[in-house]
Amino acid sequence: MVRVLQINTKFFGAGTENVMRSLGDVLEKRGCVVDYVVNSIDGNKFTLKDKSIIVMQSAKYHITRLIKKIDFAIRFSYRNDIPVEEENNLLMKKLGVNLKQFYGLDSKILVRKFRDIYVSRQPDIVHAHNILSFTLSPLIAAKQLNLPTLVTLHIFWPICPSSTLIKLDTLTHCNYKNWKYCSYHCSCKFLRFLNPTNYMKNLKKILVNNTDILIAVSNFMKNKLLEFGYPEDKIVVIHNGVDTEKFKPSKTEILSLIHISEPTRPLYISYAVFCLK
């Protein structure tokens, strides 16, 4: 009997969460034991009665999750009339914090917490999804215990600081093969408080060194990873599956559809506009 531990920011949500839960259901039908570690649970808790879920609110252990509390200040302190470094210093002085600390990629406390979870749950495989809310600590802890680790890349967080591959100032596709211009084309103003190149190179190094397999959900994703220097021998393309008990080919006319998973968020509206162009 194989024990699989899946890790993601949320249990309920949009596409990533649906894929993770569907995969868990299939694995359980095939005799596996599936546990989950998530940062939050949204939705009706009665649906969780048959699930083994650990909710770890990473804000208790790492400062990264406090980003949202200062996001407003960052976005509306943006100025073009002074150098970036001077702007950074002014805002950090105003907020009384060093903003660079909000974007760490690991946490000694979280590494210890995940080691404790792995020791107690004894997984045979760790399968991570969108995990940056935990930093990359789950992968580091798994590596320390020599646990096989998979990471499914549903979005572009290993190669794009905003995870979109879209220049959010112009809503055009980003074709850059490095991170030099990230802070100039992305509306995520926090990028102005770090060196995107150093940050993303460090992320790539930690991700590659602590992961056995990177699962790309499309050939496009794989090709983008290769462009940014990810090793090909670690990348496997596995397209998202479909539950054929729930979904079957339509016998009627096929319609074109753009799915917006969270239409109340402006970024997802931007995606739709980009697709329609």
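Within every chain, residues take consecutive numbers counted from 1 along the sequence as written. Given that this is a predicted model, residues contribute local features only at a pLDDT of at least 70 and side-chain atom pairs are listed and counted only at 80 or more, while totals for whole chains, interfaces and linings are drawn from all residues. Excluded from the side-chain calculations are hydrogens and water; all other atoms, namely the structure's heavy atoms, are used.

1. Comments concerning the side chain of Asn210
Then, number 1: A helix here means a DSSP run of H or I that spans at least four residues, while a strand means a run of E at least two residues long, and both kinds are numbered starting from the N terminus. One can find Asn210 in the loop between helix 7 (196-209) and strand 8 (213-216).
Then, number 2: When a residue's accessible area, from a 1.4 Å probe over protein chains only, is under 20% of the maximum for its type it is buried; when over 50% it is exposed; and in between it is partly exposed. Since its relative accessible area comes to 13%, Asn210 is described here as buried.
Then, number 3: By definition, residues are in contact when any of their heavy atoms lie within 4.5 Å. In this view, Asn210 contacts Leu139, Ile140, Lys143 and Thr149; residues no more than four positions away in its chain are not counted.

2. Considering the pairing of strand 1 (residues 3-10)
In the case of a regular strand, side chains alternate between the two sheet surfaces.
Then, number 1: Of all eight residues that make up strand 1, six are buried, and the element is covered over most of its length.
Then, number 2: As defined by bridge partners, strand 1 adjoins strand 2 (residues 33-40) across seven bridges and the pair is classed as parallel. Looking at strand 2, one finds that Val4 is bridged to Val34.
Then, number 3: As judged from the four bridges shared by strand 1 and strand 4 (residues 125-128), these two strands associate in the parallel manner. Strand pairing requires that DSSP identify at least two bridges connecting the strands.

3. A closer look at helix 8 (residues 219-227)
Then, number 1: Of all the positions in helix 8, only Met221, Lys222, Lys224 and Leu225 are classed as buried. Down the axis, helix 8 shows its buried residues gathered within 165° of arc, on one side only.
Then, number 2: Where helix 8 is buried, its residues meet strand 5 (149-153), strand 7 (172-173), strand 8 and strand 9 (235-237). The directions considered for the arc run from the helix axis to the C-beta atoms.

4. Re helix 5 (residues 137-144)
Then, number 1: Helix 5 sits mainly inside the fold: six of its eight residues count as buried.
Then, number 2: Among all positions in helix 5, only Ser137, Pro138, Leu139, Ile140, Ala141 and Ala142 are buried.
Then, number 3: Buried residues belonging to helix 5 abut strand 1, helix 4 (108-121), strand 4, strand 5 and helix 7.

5. Focus on the nonpolar core
Then, number 1: Core analysis: the biggest nonpolar cluster contains 43 residues, and Ile7, Val37, Phe114, Tyr118, Leu203 and Tyr230 have the highest contact counts within it.
Then, number 2: Every element with two or more residues in this core is listed here: strand 1, helix 4, strand 4, helix 5, strand 5, helix 7, strand 8 and helix 8.
Then, number 3: With six residues, the top contributor of residues to this core is helix 7.
Then, number 4: In terms of nonpolar packing, the next biggest core, distinct from the first, is built from ten residues, Val4, Phe12, Met20 and Leu27 among them. What is meant by a nonpolar core is a set of buried Ala, Val, Leu, Ile, Met, Phe, Trp, Tyr and Cys residues, joined one to another through side-chain atoms within 4.5 Å.

6. A few points about the layout of surface pockets
With a probe scaled to a water molecule rolled over the atoms, the places where space remains empty come into view.
Then, number 1: By volume, the second largest pocket amounts to about 790 Å³.
Then, number 2: Val19, Ser22, Leu23, Gly241 and Val242 are the residues nearest the centre of the second largest pocket, which is lined by 22 residues in total.
Then, number 3: Top element by residues in the lining of the second largest pocket is helix 1 (residues 15-29). It accounts for eight residues.
Then, number 4: The class makeup of the residues in the lining of the second largest pocket is eight nonpolar, eight polar and six charged. Points on a 1 Å grid, built from protein atoms alone, make a cavity when a 1.4 Å probe fits but cannot get out and make a pocket when they are open with protein on both sides within 12 Å along at least 5 of 7 lines; residues with an atom within 4 Å of a point are the lining residues. Grid points are joined across faces, edges and corners, and a volume is the space filled by probe spheres set on the points. Residue type decides the class: Asp, Glu, Lys and Arg count as charged, Ala, Val, Leu, Ile, Met, Phe, Trp, Tyr, Cys and Pro as nonpolar, and the leftover types, Gly among them, as polar.

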